[in-house]
Amino acid sequence: MSVNYDTLAPEYVNYRVADIRIDAAIRRHIVPGEKVLNVGAGQGSYEPEDCDVTAIEPSREMIARRASTKVEALQGSAESLPFHDNSFDTSLAVLTIHHWKDIQKGLNELKRVTRGKVIILTWNGDFGDFWLPDYLPEIASIDVGLFPPVSQLSEWLGPKTNAEVLEIPYDCTDGFMCAYWRRPEMYLIPEARQAISTFSRIGDASRGLNSLLKDINSGHWHNQYESLLEKASLDCGYRLVIYEKSVA
């Protein structure tokens, strides 16, 4: 099932707020003043304010809800970027490649228009100690089918590709799939789920969510996952993948 981001856009404003720690991890790879392209840009999260940013986003509704008026935001797709070769110092793709129709083609386009780094935030196919698939096992099968592993991304991007573990803080403000790993009650809020694209693909999740509600109310969830309550951050499989283009 495809995801209609025009429909999801309203809840992204409230539940997909850029997390300052994730932003800091991304910013370590961006030099102030650079020309930056943000592909699959959504409503503009993680766009560096001290750079000259251009955004590409397929959803008109996402573009319309952008807070920033300084960024040129164009409707378009990763697979066909309307820019000349080497137009940007750095390109960003933050939790977006799993929505592209042709990931390899999109990555080739990012490499083509970028003279420096391509920075990708993605998921590596292993939830680690993240527990929601215990209640909704279809989540794992859906996401594994959508996200290519880092090894595949490295093969497509080239030899100058490195990956960094990005642990998710317990109070992450960006409500993507694993953001609420220590706050299970958040997955019971319909608006929070609407800001997580995978829920648009799984259909009726009521059985698993009712089981989660029961376990929260009975205290079983807290007993079962007590060890997580002591952690400040968790490796749920998210990775920052950085490709640095060779200088001719």
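For every chain, the first residue of the written sequence is number 1, and numbering continues from 1 along that sequence. It should be noted that, the model being predicted, local features are given only for residues of pLDDT at least 70 and side-chain atom pairs only at 80 or more, the latter also being counted only at that level, while totals for whole chains, interfaces and linings use all residues. Neither water nor hydrogens contribute to the side-chain values; these are computed over all heavy atoms in the structure.

Would you mind showing me how to read the environment of Ser197 here?
In DSSP terms, a helix is any run of H or I states spanning at least four residues, a strand is any run of E spanning at least two, and both are numbered starting from the N terminus. As for its position among the elements, Ser197 is in the loop between α8 (190-194) and α9 (206-218). Between the C-alpha atoms of Ser197 and Leu92, which are 105 residues apart in sequence, the distance is 19 Å.

Looking at this model, I keep getting lost on unusual backbone geometry. Mind explaining?
Generally, phi is negative for residues other than glycine and the peptide bonds are trans, each holding for most cases. A positive phi angle is found at Tyr46, which is not glycine, with a value near 70 degrees. Among the secondary structure elements, Tyr46 is positioned in the loop between β1 (35-39) and β2 (52-57). Burial here depends on accessible area, computed with a 1.4 Å probe over protein chains only, as a share of the maximum for the residue type. Under 20% is buried, over 50% is exposed, and the range in between is partly exposed. Given a relative accessible area of 3%, Tyr46 falls into the buried group. At Leu95, a position not held by glycine, the phi torsion is positive, near 50 degrees. Among the structural elements, Leu95 can be located in the loop between β4 (88-94) and α4 (103-113). Look at Leu95 and you get buried, because its relative accessible area is 13%.

Just checking my understanding: could you explain the pairing of β1 for this structure?
Side-chain direction in a regular strand flips from residue to residue, so the side chains alternate between the two faces of the sheet. A large share of β1 lies buried, amounting to 4 of its 5 residues. When β1 meets β2, the two strands line up parallel, connected through 5 bridges. Counted as the bridge partner of Asn38 is Ala55 from β2. Strand pairing is assigned whenever DSSP identifies at least 2 bridges connecting the two strands. With 3 bridges joining them, β1 and β4 adopt parallel strand pairing. From the neighbouring strand, Leu37 faces β4, where its bridge partner is Ser91.

I would appreciate a short explanation of the pattern of salt bridges in the present structure.
Opposite charge on two side chains makes pairing possible when the charged atoms of those side chains draw close. When a carboxyl oxygen of Asp or Glu lies within 4 Å of a side-chain nitrogen of Lys or Arg, that pair is called a salt bridge. Taken as a whole and judged by the stated rule, the model has 10 salt bridges. The salt bridge partner of Asp174 is Arg16, with a shortest N-O separation of 2.6 Å. With Asp174 in the loop between β7 (168-169) and α8 and Arg16 in the loop between α1 (5-15) and α2 (20-27), the pair connects residues that are 158 residues apart, well separated along the chain. Note on Asp174: relative accessible area 3%, which makes it buried. Among the ionic pairs, Arg21 bridges to Asp19, the shortest N-O distance being 2.6 Å. Judged by relative accessible area, Arg21 falls into the partly exposed class, the value being 36%. Salt bridges here are not isolated pairs; linked through shared partners, they connect Asp19, Arg21 and Asp171.

What is the right way to read α2 from this model?
When we look at burial in α2, the residues that qualify are Ile22, Ala25 and Ile26. The arc enclosing the buried residues of α2, seen along the axis, measures out at 100 degrees, which places them on a common side. Two residues qualify as a contact provided that any one of their heavy atoms is within 4.5 Å of a heavy atom in the partner residue. Looking at the buried residues of α2, the elements they touch are β4, β5 (114-123) and β9 (238-244). Note that the arc is computed from the directions linking the helix axis to the C-beta atoms.

Where do I start with helix α6 (residues 138-146) in this structure?
In an α-helix, one turn spans 3.6 residues; hence positions three or four apart end up facing the same way. Among the residues of α6, those classed as buried are Ile139, Ile142, Asp143 and Leu146. End-on, the buried residues of α6 take up no more than an arc of 90 degrees, which puts them together on one face. Across α6 from its buried face, at more than 90 degrees, point the exposed residues Ser141 and Gly145. Tucked inside the fold, the buried residues of α6 contact α4, β5 and α5 (132-135).

It is not clear to me how the state of the cysteines should be interpreted in this structure. Could you clarify?
Simply put, disulfide is the name for a covalent bond between the sulfur atoms of two cysteines. Throughout, disulfides are identified as pairs of cysteine sulfur atoms within 2.5 Å of each other. The tally for this structure, following the rule as stated, stands at 0 disulfides. Not engaged in a disulfide, the cysteine Cys172 finds its nearest cysteine sulfur in Cys236; these two sulfurs lie 9.6 Å apart.

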